[in-house]
Every structure is written in structure tokens, then in C-alpha cells.
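So the chains spell out like this:
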Amino acid sequence: MANSCTAIIPFSDIEKIEVYINKPRKSLSAIKKATGADYIFNGTLYNMLTGAAVCHLKADGKIIANPNYTVWGFAWNNPSDFSLDILPNSSTASSFSKANYIACTNLITNGSPLAKPCNDPARQGKRGCTAVGVRENELVLYCSKDKTTAAKTPVQLRDHMMDLGCVSAIMLDGGGSSQCDFVGETVTSTRKVPHLILVYLKNAKCPYDEPLKLVKSGSRGDDAKWVQWHLNKHGASLTVDGIFGTKSVAALKEFQRNWGLDVDGLCGSASRAALKKF
């Protein structure tokens, strides 16, 4: 669990980018377990009473929200055409060709930062924030936890996305809604938001070397991270922190039970072989 998380992902590594309608509302860990998505983060603004999106949103060809104005937002059919576009107003939404789109607060357009990204007084202060951007051939994701030192104003978020090299970027919902799971690196919130964005990788490769020794309770370092990373690919929701503690042992035992292995909480050669099958 962290105060902020950043992910920079080559589009060539992405299998799918999905607008996920969270009904009935599930936690991030439950969504990860149900979908196997590698990256999960909250979506745009919504009505706190009804859950209805109030900014432009389209999911797999279905228009979820189509306000009566045009706006810059991200639109895509597949990862290769994910880009900033002028999203339609309510009268032209049905003719817009791309199957997915999302908008909220524009930060950077075609390399130019907006002088004043947000006019809403309620969103001007330092808050937890979630942002999506694009730099050359890469998707850039950022999420920070509300009421921490990582909270940012819209201008600070704009500048941070510029520092990350983004040529286009938008701010999504923030405050208590700001939350993510970036391959086990998490920003948590008790709020279960009504829609999220999910990113799936192509045959994701573990960034840590496979252990050459037994990983068990108390193990630390990259060996523990390797096991935690693979357990998350099998539906666990662990922080990949390299500390193999109680939660990691419990997740390993659940995995061993599901795969018909000795349920001992020790990750040796048999458990590693099974972990690599996904």
C-alpha cells in the first residue's frame, strides 16, 4: 500500500484497455480476482447518490454518459489507437466511431499544458488524484491517495504529468475515489466506485528473477517479490513489497490448495512451477 503509484506501459505490451462497469460494486481486490486485469484505476466523476457517470463515458460501444457539450478526452477501439480526441455532445454521440471513451478534466493537449486545468472550486484544493496520459508509444498512469503528502492540486498534477513526459493527459475522479492496483502496487480507498478502467497486458513478464531457494514466512527481497507478483496474477491482492508476511503466506496457501499442492505456505520448486503456468 502506497501514497502514490506511477505506471508507464508500452502500448505494444497492452492486450486490452477496458471500461469496467462495477455493478454490483466490488472492491479493487474482488475486481482483480474476477478479471485478472494487471492495472485497475478509478474512472470519471459520478453522482454520489445514483452512481451515474456525469462526464463523457462509453464502454464497448455502449454510451454510458453523453453530456450536451464537446470535450477533450481519451477514446479508443484498441490500445494501438488510444489517443486524445474531441468527444461528442449528446446529439452526435451515436455517430462517434470509437467504441470506448472517457473524459473528466483536461490537463495537457497536444503537448501544451492548460493554464487553468480546472474551474470547479470543489476540485481546486490538494486531493488524492488519478490521471491518465500518453507519451510516445506509452500509456502513463498516476494515482495518489487522498489526505496524504502525495495529494495534489490540478495544476500540480498537470505539472507532474508533464514531468513524466506526457504530450496529452486528463485528470479523472479524485479525493476519496482515487484508487488503483498497478500489478500489486496499490493506492487504497474504502469507496467502491461505479466504473473503472482496466488494463490487461500481453503475456506479462515478471520483472523479478525466479528464486533459487525456498521462499517462506519472513523471506525478503526480490525472491519474495517474485512470489507475490505471481500470486497476484492468480487473483491475490498483495502489495509487492518484498516482505513475505502473514498475508503473503495465506495467499500462497490458498493457491496451493486450489492447485492440489501441499498446503504448507512454503514456495519451493513445485509451487513455483504452478505459479508460472499463468
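For the structure, check the block above.
Residues numbered from 1 in each chain as written. Predicted model: local features only at pLDDT ≥ 70, side-chain atom pairs only at ≥ 80, totals over all residues. Heavy atoms only, no water.

Caption draft 1: Examining the overall build of the protein chain more closely. Along the backbone of the protein chain there are five helices and 16 strands. Its C-alpha atoms give the protein chain a radius of gyration of 20 Å, near enough to 19 Å, the size a compact globule of 278 residues would have. The dimensions of the protein chain, computed from C-alpha atoms along their principal axes, are 60 × 40 × 40 Å. Of all 278 residues assigned to the protein chain, the portion counted as buried reaches 51%. Only carbon and sulfur atoms are counted for the fraction: they give 49% of the accessible area of the protein chain, which is about 12900 Å². Side-chain charges in the protein chain split into 33 positive and 24 negative, and the spacing between the mean points of these groups amounts to 6 Å. (Helix = DSSP H or I, 4+ residues; strand = E, 2+ residues; numbered from the N terminus. Rg over C-alpha atoms; globule rule 2.2 N^0.38 Å. Buried < 20%, exposed > 50% of the residue type's maximum accessible area, 1.4 Å probe, protein only. Areas by Shrake-Rupley, 256 points an atom, 1.4 Å probe, with all protein chains shown as cover. Lys, Arg positive; Asp, Glu negative; His and termini not counted. Charge placed at Lys NZ, Arg CZ, Asp CG, Glu CD.)

Caption draft 2: Local environment of the sheet that holds strand β7 (residues 83–87). In spatial order, the strands read β5-β4-β8-β6-β7; together these five strands make up an open sheet with antiparallel pairing. Either end of the sheet is taken by a strand with one partner, and the two such strands are β5 (62–65) and β7. Pairs of neighbouring strands in the sheet enclose a mean axial angle of 35 degrees, with direction left out of account. Here three bridges tie strand β6 (residues 71–76) to strand β8 (residues 100–102), and the two strands are oriented antiparallel to one another. Residue A75 lies in a different strand from β8, and its bridge partner there is Y101. (Pairing = 2+ DSSP bridges. Axes fitted to C-alpha atoms, helices over the stretch in contact; angles between N-to-C directions.)

Caption draft 3: Up close: the state of the cysteines. Following the criterion strictly, the structure yields zero disulfides and no others. You can see C55 has no disulfide; the closest cysteine sulfur is in C104, sitting 4.4 Å from it. Among the residues examined, C55 registers a relative accessible area of 7% and is labelled buried. With no disulfide of its own, C180 lies closest to C143 among cysteine sulfurs, the gap being 3.8 Å. For C180, a relative accessible area of 0% translates into the label buried. (Disulfide = S-S within 2.5 Å.)

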